[in-house]
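Structural overview
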Amino acid sequence: QPYPGQNQLPPRKTNVLAVVAFVLGLIAFIPLCVILGIVALVQISKSQDKGKGFAIAGFVVSGVWIVGIVAVAVIAGPSEPARDASGQVTTTQDTRPDKLRVGDCVTGVKEGEVQNIKIQPCNQPNGGKVYAVFDLPKGKWPGLSAVQAAAEKGCTDRYRSSKEQADSPSDIFYLHPTQDSWTLGDRGTTCLLTPR
């Protein structure tokens, strides 16, 4: 009676680089994850080892990290302006209005909702200088008209109390919270003296 014969393939091992690529993807070492993942896929295609799923999962997780980093960068917007030891702005760059300080100069201002504003050193011709920064009272959103009135009054009162005199015909310009920023806790108002 003949015995049936059968070839038994050795058990396939899991590719170590694929697992390492996956772990690196989880902890956001994106360049290493991509390099090791590619090497692992090439090795797996030649050796028929297991682990292709780990390498691909490492790519996917790295992609999620990249999307998250880009989203945070977009939401955060421009960073803190570059300043010297005395706090003076050293380069012209975009910044958020809430990063402005008293004494800062901007290239110009325009009416409407301001997401970013270009700040510059004050030793250059400029389109406005910050003379006051203050917070409006906490509470529920009082309405756009009330916020504008409070910002205008606060800026006007602060300019009068400073007893400053403009060198040329100028206007008071103020930046105030919007309804959306108010719901996020923003109460900041920035007052600028702008040339006509």
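Placed above this text is the structure.
Worth saying up front: this structure is predicted, and the values here are computed from it rather than measured.

What follows deals with helix α2 (residues 30-47). Residues three or four positions apart in an α-helix share a direction because the helix packs 3.6 residues into each turn. In a regular helix each residue adds 1.5 Å, so 18 residues correspond to 26 Å; α2 covers 25 Å between its end C-alpha atoms and thus fits that length. Every buried residue belonging to α2 is among I30, C33, L36, G37, A40 and I44, and all of these are buried. End-on, the buried residues of α2 take up no more than an arc of 125 degrees, which puts them together on one face. Of the exposed residues in α2, the ones pointing more than 90 degrees away from its buried face are P31, I35 and K46. Among the residues trailing α2, Q48 stands out with phi positive, at a value near 60 degrees.

Take the pattern of salt bridges next. This structure, assessed with the given rule, holds six salt bridges. The closest approach of N and O atoms between K118 and D94, which form a salt bridge, is 3.4 Å. On the criterion of sequence distance, the pair formed by K118 in strand β3 (residues 117-120) and D94 in strand β1 (residues 93-95) is long-range, its members being 24 residues apart. With a shortest N-O distance of 2.7 Å, K153 and D157 are connected by a salt bridge. In this pair, K153 and D157 both sit in helix α4 (residues 144-162), four residues apart, roughly one turn of the helix. When its relative accessible area of 32% is taken as the criterion, D157 is described as partly exposed.

Here the focus is the pairing of β3. The sheet contact formed by β1 and β3 spans three bridges and is antiparallel. Paired with T95 across the two strands is I117, which belongs to β3.

Criteria and cut-off values
- Residues numbered from 1 in each chain as written.
- Predicted model: local features only at pLDDT ≥ 70, side-chain atom pairs only at ≥ 80, totals over all residues.
- Heavy atoms only, no water.
- Helix = DSSP H or I, 4+ residues; strand = E, 2+ residues; numbered from the N terminus.
- Expected span 1.5 Å × (residues − 1).
- Buried < 20%, exposed > 50% of the residue type's maximum accessible area, 1.4 Å probe, protein only.
- Arc of directions from axis to C-beta.
- Salt bridge = Lys/Arg side-chain N within 4 Å of Asp/Glu carboxyl O.
- Pairing = 2+ DSSP bridges.

These results come straight from atomic positions and should not be treated as a statement about function.
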